[in-house]
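# Descriptive structure summary
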Amino acid sequence: MKKLLRCLLMTVMALCFSLPCLSAEAASVALLPLINNVQGDEVAGKIFYKEAIATMNAQKGFFMVENDKLNAAIEAANVGNEVPGEATLAKIAKDGDVDIVLAIQVDKIEEETLFSSEENKIQILVKGKAVSYNALTDEYRDSKIHHDVLIPEVFSSRWDVSHEEWGKVVRKEIKKALAPKK
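Residues numbered from 1 in each chain as written. Predicted model: local features only at pLDDT ≥ 70, side-chain atom pairs only at ≥ 80, totals over all residues. Heavy atoms only, no water.

A few words on the nonpolar core. Counting residues in hydrophobic clusters, the biggest one holds 28 residues, and the most contacted among them are L102, I104, W166 and I174. Residues contacting L102, with those up to four places away along its chain left out, are V29, A30, L31, L32, M56, V131, S132, I174 and A177. Counting residues in each nonpolar core, the second largest holds 15 residues, with L32, I35, V101 and V131 among its members. (Core = buried A, V, L, I, M, F, W, Y, C linked by side-chain atoms within 4.5 Å. Buried < 20%, exposed > 50% of the residue type's maximum accessible area, 1.4 Å probe, protein only. Contact = heavy atoms within 4.5 Å.)

Now the structure itself:
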């Protein structure tokens, strides 16, 4: 009889400990269109969406929202050539009924070859700005993007290194925006 009571008690305790896990709800994320201030660079927008969606899908507990209500809220915000401020992002989150709003602006993607006697290098410079607003915690995050990297020129013959670095920047900014504050 004692074994039966212990088994029953352990089952009830296991259920009590696991119930809070069942009530967790995923946060909805709105990704504003890329604000691309680089003239003639259409590839940056494609890489932005590819990397942002892949990064969000890799993060557990988040799902991207795109619907008519959200699109109307973004249209009403009238976002121009600069990332919106905290009040605008909060209004988009409220009107679009989402938990997190993300916006990224790219101002410069440059690639310059540096010649040397040892080995030619490519200097890649990515500049921009990233903002996010979390309606759950009422937290606004604003960060400047300044990504400067020097790589051997040999790698540039195989792929588009400047846009690969842009993709890395997008992944890093999305992860920072979705990470819990420490």
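Taken as a whole, the second largest pocket encloses approximately 160 Å³ of empty space. For the second largest pocket, the full set of lining residues is A30, L31, P33, Y49, M64, V65, E66, L70, N71, I74 and E75. Contributing elements (two or more residues each) for the lining of the second largest pocket: β1 (27-31) and α3 (68-77). Residue contributions to the lining of the second largest pocket peak at 4 residues, all from α3. Class assignment of the residues belonging to the lining of the second largest pocket gives a composition of 8 nonpolar, 1 polar and 2 charged. (1 Å grid on protein atoms, 1.4 Å probe; cavity = no way out; pocket = protein on both sides within 12 Å on 5 of 7 lines; lining within 4 Å. Points joined across faces, edges and corners; volume = space filled by probe spheres on them. Helix = DSSP H or I, 4+ residues; strand = E, 2+ residues; numbered from the N terminus. Nonpolar A, V, L, I, M, F, W, Y, C, P; charged D, E, K, R; others polar.)

Turning next to the environment of L150. Tracing the sequence through the fold places L150 in strand β6 (residues 139-152). In this structure the C-alpha to C-alpha distance between L150 and Q123, which are 27 residues apart in sequence, comes to 4.5 Å. Residue contacts for L150: discarding those within four places in its chain leaves L114, K121, I122 and Q123.

Turning next to the pattern of salt bridges. Using the criterion set out here, one finds 8 salt bridges in the structure. The salt bridge involving K121 is made with E119; its shortest N-O contact spans 3.7 Å. Measuring nitrogen to oxygen at the nearest pair gives 3.3 Å for the salt bridge that ties R141 to E173. Here E173 lies in helix α5 (residues 161-178) and R141 lies in strand β6, a separation of 32 residues in the sequence. You'll find R141 and E173 in the same group, each marked buried. Ionic contacts of the salt-bridge type, sharing partners, join the residues K50, E51 and R171 into one network. (Salt bridge = Lys/Arg side-chain N within 4 Å of Asp/Glu carboxyl O.)

Quick look at the packing of aromatic side chains now. Counted by the stated rule, this structure contains 1 aromatic pair. Between F48 and Y49, the aromatic rings sit 5.0 Å apart at their centres with planes inclined by 65°, giving edge-to-face as the arrangement. (Phe/Tyr/Trp six-rings, centres within 6.5 Å; stacked < 30°, edge-to-face > 60°.)

Let us now look at the confidence of the model for the protein chain. Looking at the protein chain as a whole, the pLDDT averages 86, with 90% of positions reaching at least 70. Taken element by element, the protein chain is modelled with least confidence in helix α1 (residues 2-22), mean pLDDT 66, and with most confidence in strand β5 (residues 121-134), mean pLDDT 93. (pLDDT = per-residue confidence, 0-100.)

Time to look at the pairing of β6. Two strands pair when backbone bridges link them, and β5 and β6 are joined in this way by 14 bridges, in the antiparallel orientation. When the sheet's bridge partners are listed, V126 is paired in β6 with H147. Taking the residues between adjacent antiparallel strands as the criterion, β5 and β6 are bridged by 4 residues, where D138 takes a positive phi near 55°. (Pairing = 2+ DSSP bridges.)

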